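Okay, here's what each chain looks like letter by letter:
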Amino acid sequence: MRVSRAVGAALTTIVAVAAFTITGESSASAATCPYEAWPKVDGGEAHWTLKCLSGPYVQLNGWVKDTGWDGDCARLRVTPEVTPEKPFTVSACGDGTRTVVNRRIQAHNVDVELYIS
C-alpha cells in the first residue's frame with residue numbers, strides 16, 4: 001500500500017499531537033538559554049526563565065502554583081545537565097499556593113518540568 005507524502009505527514013502530525021495530549025500531565029523544557037516558559041497542567045501552572053550568565057552558569061527565575069483542590073502538589077523538577085549540582089524540586093502545595101524560585105545553577109543547560117504529585 002502506498003501512502004502519499006501529504007497523508008504521511010498528516011498522520012505523523014496527528015500521532016505527535018496525540019502523544020502530547022496523552023502525556024500532557026507534565027510539561028517540560030529542555031532548552032538552552034535564554035528561554036521562557038508558561039506551562040499549565042491539570043492542577044498546576046508555572047512560569048520560568050533561563051538566562052545564561054558568564055561561565056557555566058544559568059539563572060533560573062520563576063514560580064510554580066497549585067491550582068487544584070485535589071490534595072496534590074504542583075512541582076517543578078529542575079535537572080542541571082552535565083554539572084556537579086544535583087537535581088532539585090520546588091513545590092507548591094494547597095490550592096492557590098505559589099512558590100517562587102530564583103537560583104543560580106552551575107550548568108550550561110537545565111531541564112525544567114512541571115508536574116503534579
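Counting restarts for each chain, with residues numbered from 1 along the sequence as it is written. Restriction of local features to residues with pLDDT of at least 70 applies here, the model being predicted, together with a cutoff of 80 or more for giving and counting side-chain atom pairs; totals for whole chains, interfaces and linings are based on all residues. In computing side-chain values, all of the structure's heavy atoms are included and hydrogens and water are not.

K.L.:
How should I be thinking about the side chain of aspartate 66 in this particular structure?
P.N.:
Tracing the chain through its elements places aspartate 66 in strand β5 (residues 57-66). Using a 1.4 Å probe on the protein chains alone, a residue whose accessible area is under 20% of its type maximum counts as buried, one over 50% counts as exposed, and one in between counts as partly exposed. Charge counting treats Lys and Arg as positive and Asp and Glu as negative, with His and both chain ends excluded. Salt bridges are defined by distance alone: a side-chain nitrogen of Lys or Arg within 4 Å of a carboxyl oxygen of Asp or Glu. One buried charged residue, aspartate 66, remains without a salt bridge, the closest side chain of opposite sign being arginine 75 at 8.6 Å. Of the polar contacts made by the side chain of aspartate 66, one reaches the backbone nitrogen of glycine 94; its length is 2.8 Å. We call two residues in contact whenever any of their non-hydrogen atoms come within 4.5 Å of each other. In this structure aspartate 66 touches Gly43, Asp72, Cys73, Ala74, Ala92, Cys93, Gly94, Asp95, Gly96 and Thr97, once residues within four positions along its chain are discounted. In DSSP terms, a helix is any run of H or I states spanning at least four residues, a strand is any run of E spanning at least two, and both are numbered starting from the N terminus. Definition of a polar contact: a pair of N or O atoms within 3.5 Å, with one able to donate and the other able to accept a hydrogen when the atoms are protein atoms, and with sequence-neighbouring residues admitted only if both atoms are side-chain atoms.

K.L.:
When you look at the pairing of strand β4 (residues 44-53) in this model, what are you seeing that I'm missing?
P.N.:
In regular strands, side chains alternate between the two faces of the sheet. Pairing geometry for strand β2 (residues 35-37) and β4, over three bridges, is antiparallel. Note that in β4 the partner of alanine 37 across the bridge is tryptophan 48. Two strands form a pair only when DSSP identifies at least two bridges running between them. Across two bridges, strand β3 (residues 40-41) lies against β4 in antiparallel orientation. Within β4, the residue paired with lysine 40 across the bridge is glutamate 45. Connecting β3 to the next strand, β4, in antiparallel fashion are two residues, including glycine 43 with a positive phi near 105 degrees. Across ten bridges, β4 lies against β5 in antiparallel orientation. Across the sheet, residue tryptophan 48 finds its bridge partner in β5, namely glycine 62. Where β4 hands over to β5, the hairpin turn is made up of three residues, of which glycine 55 adopts a positive phi near 75 degrees.

K.L.:
When you look at the state of the cysteines in this model, what are you seeing that I'm missing?
P.N.:
Any covalent bond linking the sulfur atoms of two cysteines counts as a disulfide. Cysteine sulfur atoms that come within 2.5 Å of each other are treated as a disulfide pair. In this structure the tally under the stated criterion is one disulfide. Shown here is the disulfide that connects cysteine 73 with cysteine 93, its sulfur atoms set 1.9 Å apart. The sign of the S-S torsion, about 115 degrees, decides the handedness of the disulfide formed by cysteine 73 and cysteine 93: right-handed. Taken as a pair, cysteine 73 in strand β6 (residues 73-81) and cysteine 93 in strand β7 (residues 88-93) lie far apart in primary sequence, 20 residues in all. Judged by its relative accessible area of 9%, cysteine 73 falls in the buried class.

K.L.:
It is not clear to me how the environment of valine 110 should be interpreted in this structure. Could you clarify?
P.N.:
For valine 110, the position within the fold is in strand β9 (residues 109-116). For the pair valine 110 and glutamine 59, spaced 51 residues apart in the sequence, the C-alpha separation amounts to 9.6 Å.

K.L.:
Whenever I open this one, a negative patch on the surface confuses me. Can you help?
P.N.:
Patch criteria: residues need more than 30% relative accessible area and no salt bridge. Like-charged residues are merged within 9 Å; nonpolar side chains of Val, Leu, Ile, Met, Phe, Trp and Tyr are merged within 5 Å. Per-residue and other accessible areas were derived by the Shrake-Rupley procedure at a 1.4 Å probe size, with only the shown protein chains allowed to occlude residues. For the purpose of locating charges, the reference atoms are NZ of Lys, CZ of Arg, CG of Asp and CD of Glu. Among the surface-exposed residues, Asp42, Asp70, Asp72 and Asp95 lie close enough to one another that they form a single negatively charged patch. Within the secondary structure, aspartate 72 is located in the loop between β5 and β6.

K.L.:
In this structure, what is going on with the pairing of β9? I would like to understand it.
P.N.:
The buried fraction of β9 is high, at six of eight residues. By the bridge criterion, eight bridges tie β6 to β9 in an arrangement that is antiparallel. From the neighbouring strand, glutamate 81 faces β9, where its bridge partner is asparagine 109.

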